[in-house]
Amino acid sequence: MEIIKSDKIFTGEVIYKLEGPGVDQDPKDLFEIDDKTGWIRSMIPLDREKYRSFTLKAFALSPSGERLENPSTIEIVVLDQNDNRPNFSQKEFAGSVSEFSVPGTSVMSVTATDADDPTTDNAILSYSIVGQESIPPLRVNKTMFGINNETGAIYIRDVGLDREVVKGFRLILQVADMSGMGLTSLANAVIHVTDINNNPPRFSPYLVSFTNKVDFVIGWVNATDNDEPGTGNWETKYTIAKGNPSRNFAIRTDPVTNEGILSVVKTLDYETQEVYTLTLTVENVNPLSIKAPRDPVSSATVVVTVVNENEAPRFNKDPIEIVVLESVVPGTVLASNIAYDPDNAKLKYDILRDPEGWLIINHETGEITARTPFNVRSPHVKNNIYNAVIRVTDTDAGGISTTASLVITLRETNDFFPQLFPLMGTVCSESGRETSGLFLSAVDEDLPPHAEPFTFQLQDINVSANWTIIQVNETHAVLRPLVELETEEYAVTVLVTDSGTPSLSAYAQVNVTVCLCGKDGECKAEAAAIFGTRVGVSFIALLVIMASIALLLLLLLLAVAVGNCRRHHMKKGEGLLVGDSDEDIRDNVLNYDEQGGGEEDEVRQHNTLQLAEASYLQPLRKDYPDNLPSPSYPRKPPADPTDIEDFINDGLEAADHDPNVPPYDTALIYDYEGDGSLAGSLSSIASASSDGDQDYDYLNDWGPRFKKLANMYDPR
């Protein structure tokens, strides 16, 4: 197959080795080398479609295995042979083409493959049609189809494809490699010829006779169509073109048989017309193809003969509609001339249904009259409509009857007076209250438009001077006093009128109790009502003032009594702050922080002197200039209790102009004594409640911090 030889000259023996795919690598054992001569041989036949080439390495070795030179690369290429037949992708191909298609129209394409080398002639394919058979057989003898030998595209070759003649073709296809000169394979192609609407339906006229029954089928008409059954090209639609001006007849298509079914849809009258001549036409559901012959639309004539029969009587209208007032006068004619008989037979009339018994009918003429007035509130009246059923029967043999509905629409009449309620209630005596008043309502048993809206009026002139009635809506009004009335019961006559035609009015006496009301508009109890008057308000204010004065006097007397009691226990010459206790009074003076506007000054209790000095510290008001002196407060209460008001007012006025007090209603803030203190009260009123002046000079002996306190109580 091939030989390798080293180009170098060796003095000793040379051994040749071969490595690579096909030798010692998969696929193994395909090649071998003669280690002495260097001949490379194939051990088995090679398949190019499986292995296209091999890359091997050859070595020249000494007997000891030493490489005598670098290895050589050997490329072995497997040459292709035409050992594979071409194969079609399908055993049988299917396609379709419309009938009467022109030559050159593409039908379908077929494909085939070849496993040989596509770069060689072994894989160049050529297509051909080697056989043709029509379906059904022997309908067409000429060759109708051709095929492109390179692409496999099948096309129409000749004219004359008619689905009514042939339904399809079966072709035998061949593909060959080596451009048609090599190996071959066969396949089939089935081509269906599809239908176009080139055949209009056609039928022949014929004669039919029948009776004049409604929904009666006269007969069937048939039209033939050569197009493919079950398609829109074959399906037909029938039309009555002439002879049916009153639309007494109709025709429809049977979807299974494609026949036309002719029937009567409206009653035929022998006395009016005995014979009808109908012209029928037939067309396809789908429009005709342009390749179809231009023949006129097929038509047929059907002659219908009407058979004379005893026909049932007929009502002029069904339902018979009447509009009447519910208060109709008995004997009033409601309807007449309601039916007739086509055969001019004598008729008999009856009332089949009249649940209230309001109607009378003349059995011979059919005239309907009212037996009694109607009542729109009857349970048999729905939405003002009363229904009855009338029957008419002819007197011919057999006595055929017909019924019709009598629909009576009742119009409401104003026959009920409006009624007012409630007929009693309470209102507040104050005329200025918007919520004060008695809500009145009216009802009427009549139906609209004879009920609301109602109007409310006061008829008595004397009553109108003190009372008024205000319309709220269509059914309500408010009865309200115009002036402040005494708390007692009043009788007010109200006239209420409906909106009927003519309108009806009714008087009603409303008993109204006038009472004193609270803020919620409800009547108060008798005692509360007394105090609820303007006089009561002044009286209560007076009571509050008197109670306040009495409480103030009581506190004043208490303070005087306590002061006198404590003065008897003090040692002479020691002043107000010195008592019988051996304890230091200063230890019992405590400081309490007070809340107010502005910052608070914390008074820290480091010792008794600091506590006494800070006993009257107050936050500085920001609405006054800094370092202004405080006004002098009254030091002693008046001797006469009647001057207490002046005393309080003086203190209040002084506090209002004091820049050292917070800007709220508290005039002065005092620190309080601790528990167990024997000293008297530090308030200005209590300290001045003794009968004579006190001597506070001893405070000066306590140090400079108590001089201010001594000055506060110094009467000079």
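Note that the structure is a prediction, hence the values are computed from the model and not measured.

A. Structural view of the overall build of the protein chain. Check the secondary structure of the protein chain and you find seven helices and 40 strands. Looking at the 716 residues of the protein chain, the share that counts as buried comes to 37%. Residue pairs in contact within the protein chain that sit at least 24 positions apart in sequence constitute 64% of those at least 6 positions apart. Here the protein chain has roughly 42100 Å² of accessible surface; of this, 52% comes from carbon and sulfur atoms.

B. Examining the nonpolar core more closely. Membership of the largest hydrophobic core comes to 27 residues, with the highest contact counts inside it found for Ile-338, Ile-368, Phe-374, Leu-406 and Ile-408. If you list the elements that add at least two residues to this core, you get strand S24 (320-325), strand S25 (333-335), strand S27 (347-353), strand S28 (359-361), strand S29 (368-370), strand S31 (385-394) and strand S32 (401-411). With 25 residues, the next largest nonpolar core counts Phe-93, Val-110, Met-144 and Val-175 among its residues.

C. Spatial organisation of the sheet that holds strand S5 (residues 53-61). A sheet is described by the order of its strands in space; here three strands give the open sequence S2-S5-S6, paired in antiparallel fashion. Taken across any chain shown, the strands that pair with only one partner, and hence form the sheet edges, are strand S2 (15-19) and strand S6 (72-77). Recorded for the sheet is a direction-independent mean angle of 30° between the axes of neighbouring strands. As paired strands, S2 and S5 are joined by five bridges and run antiparallel to one another.

D. The arrangement of the side chain of Asp-177 in detail. Turning to its location among the elements, Asp-177 is positioned in the loop between strand S14 (168-176) and strand S15 (184-194). Despite its burial, Asp-177 remains without a salt bridge, the nearest opposite charge being carried by Arg-85 at 7.5 Å. Once residues lying within four places of it in the same chain are set aside, the contact partners of Asp-177 are Asn-82, Asn-84, Pro-86, Asp-114, Asp-116, Asp-121, Asn-122, Ile-124, Leu-125, Gly-182 and Leu-183.

E. Here's a closer look at the pattern of salt bridges. Inspection of every chain in the model, using the stated rule, returns seven salt bridges. Between Glu-92 and Arg-170 there is a salt bridge, with its nearest N and O atoms 3.3 Å apart. On the criterion of sequence distance, the pair formed by Glu-92 in strand S8 (residues 92-98) and Arg-170 in strand S14 is long-range, its members being 78 residues apart. Residue Arg-391 pairs with Asp-350 through a salt bridge whose shortest N-O separation is 3.6 Å. With Arg-391 in strand S31 and Asp-350 in strand S27, this pair connects stretches of sequence that are 41 residues apart.

F. Summary view of the sheet that holds S8. Spatially, the four strands line up as an open sheet ordered S8-S15-S14-S11, and their pairing is mixed. Of all strands in the sheet, those bounded by a partner on one side alone are S8 and strand S11 (126-135). Looking at each pair of strands side by side, their axes are set apart by 25° on average, direction ignored. In the sheet, S11 pairs with S14 via nine bridges, with the strands oriented antiparallel. Across the sheet, residue Tyr-127 finds its bridge partner in S14, namely Val-175.

G. Quick peek at the environment of Arg-353. Relative to the helices and strands, Arg-353 resides in strand S27. Those residues in contact with Arg-353 that lie beyond four places of it in its chain are Asn-387, Ala-388 and Val-389. Within the local environment of Arg-353, its side chain forms a polar contact with the backbone oxygen of Asn-387, the two atoms lying 3.0 Å apart.

H. Inspection of the pairing of S14 at higher detail. In this structure, S14 lies alongside S15, joined through nine bridges in antiparallel fashion. Across the sheet, Leu-173 pairs through a bridge with Ala-187, a residue of S15.

I. Representation of the packing of aromatic side chains in the model. Taken as a whole and judged by the stated rule, the model has seven aromatic pairs. An angle of 40° between the planes, with centres 4.6 Å apart, marks the rings of Trp-358 and Tyr-386 as tilted. In this pair, Trp-358 sits in the loop between S27 and S28 while Tyr-386 sits in strand S31, placing the two residues 28 residues apart along the sequence. Tyr-386 matches Trp-358 in its accessibility class, with the two residues each being buried. The rings of Phe-88, Phe-93 and Tyr-127 are connected pair by pair, giving a single aromatic cluster.

J. Just the environment of Leu-347, in detail. Following the sequence through the fold, Leu-347 ends up in strand S27. Using a relative accessible area of 11% as the deciding quantity, one classes Leu-347 as buried. C-alpha of Leu-347 to C-alpha of Ser-401: the two residues are 54 residues apart in sequence and 9.3 Å apart in space. Those residues in contact with Leu-347 that lie beyond four places of it in its chain are Pro-313, Ala-339, Tyr-340, Asp-341, His-363, Glu-364, Val-392, Thr-393 and Asp-394.

K. Geometry of the environment of Ile-147. When you line up the elements, Ile-147 lands in strand S12 (residues 145-147). Given a relative accessible area of 13%, Ile-147 falls into the buried group. In the structure, Ile-147 is positioned 20 residues away from Tyr-127 in sequence and 7.0 Å away in space, judged by C-alpha atoms. Excluding residues that lie within four positions of it along the chain, Ile-147 makes contacts with Val-110, Tyr-127, Ser-128, Ile-129, Gly-152, Ala-153, Ile-154, Tyr-155 and Leu-173.

What counts and how
Residues numbered from 1 in each chain as written. Predicted model: local features only at pLDDT ≥ 70, side-chain atom pairs only at ≥ 80, totals over all residues. Heavy atoms only, no water. Helix = DSSP H or I, 4+ residues; strand = E, 2+ residues; numbered from the N terminus. Buried < 20%, exposed > 50% of the residue type's maximum accessible area, 1.4 Å probe, protein only. Contact = heavy atoms within 4.5 Å. Areas by Shrake-Rupley, 256 points an atom, 1.4 Å probe, with all protein chains shown as cover. Core = buried A, V, L, I, M, F, W, Y, C linked by side-chain atoms within 4.5 Å. Pairing = 2+ DSSP bridges. Axes fitted to C-alpha atoms, helices over the stretch in contact; angles between N-to-C directions. Lys, Arg positive; Asp, Glu negative; His and termini not counted. Salt bridge = Lys/Arg side-chain N within 4 Å of Asp/Glu carboxyl O. Polar contact = N/O pair within 3.5 Å; in protein donor to acceptor, adjacent residues only side chain to side chain. Phe/Tyr/Trp six-rings, centres within 6.5 Å; stacked < 30°, edge-to-face > 60°.

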